[in-house]
Amino acid sequence: DYRHALGGFHTIRQVYEAYDLPEHLGDWVHISVPKVKKLSINKASASQLRNHPYITFYQARAIIEVRKREGNIRSARQLLFLDEFTETDIARLTPYLSFE
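Our subject in this report is the structure included herewith.

Criteria and thresholds
Residues numbered from 1 in each chain as written. Predicted model: local features only at pLDDT ≥ 70, side-chain atom pairs only at ≥ 80, totals over all residues. Heavy atoms only, no water. Phe/Tyr/Trp six-rings, centres within 6.5 Å; stacked < 30°, edge-to-face > 60°. Helix = DSSP H or I, 4+ residues; strand = E, 2+ residues; numbered from the N terminus. Buried < 20%, exposed > 50% of the residue type's maximum accessible area, 1.4 Å probe, protein only. Lys NZ or Arg CZ within 6 Å of the ring centre and 35° of its normal.

It is worth spelling out the packing of aromatic side chains at this point. Counted by the stated rule, this structure contains two aromatic pairs. A centroid spacing of 6.1 Å and a plane angle of 75° characterise the contact between Tyr-54 and Tyr-96, whose relative ring orientation is edge-to-face. In this pair, Tyr-54 sits in the loop between α3 (46–50) and α4 (57–70) while Tyr-96 sits in the loop between α5 (87–93) and β2 (97–98), placing the two residues 42 residues apart along the sequence. Each member of the pair, Tyr-54 as well as Tyr-96, carries the same accessibility label: buried. Considering the side-chain rings of Phe-57 and Tyr-58, the 5.2 Å spacing of their centres and the 85° angle between planes classify their relative orientation as edge-to-face. If you follow Arg-92 out to its NZ or CZ, it ends over the ring of Tyr-54, 3.7 Å from the centre.

Structure (structure tokens):
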């Protein structure tokens, strides 16, 4: 369920987020070609944004407000201008975002 909500695993660390697994699991499991489902940041509703495990209610609301004020968001870096996002948030989200 977590992998589906996320849009697919991009790194092995995400498997640890979903399950309480032993640290040495990375020796046995790998993600060879990450295939993730992209979230259209400029088309998704607040509810769709919020359903992504890496986006909080407040972040989803901030994205919607930026789109209303400024139009389409062009890159993940643009989200750093919002108080709701940190560098860590952006690094985790970038593989899952589409800006079309």
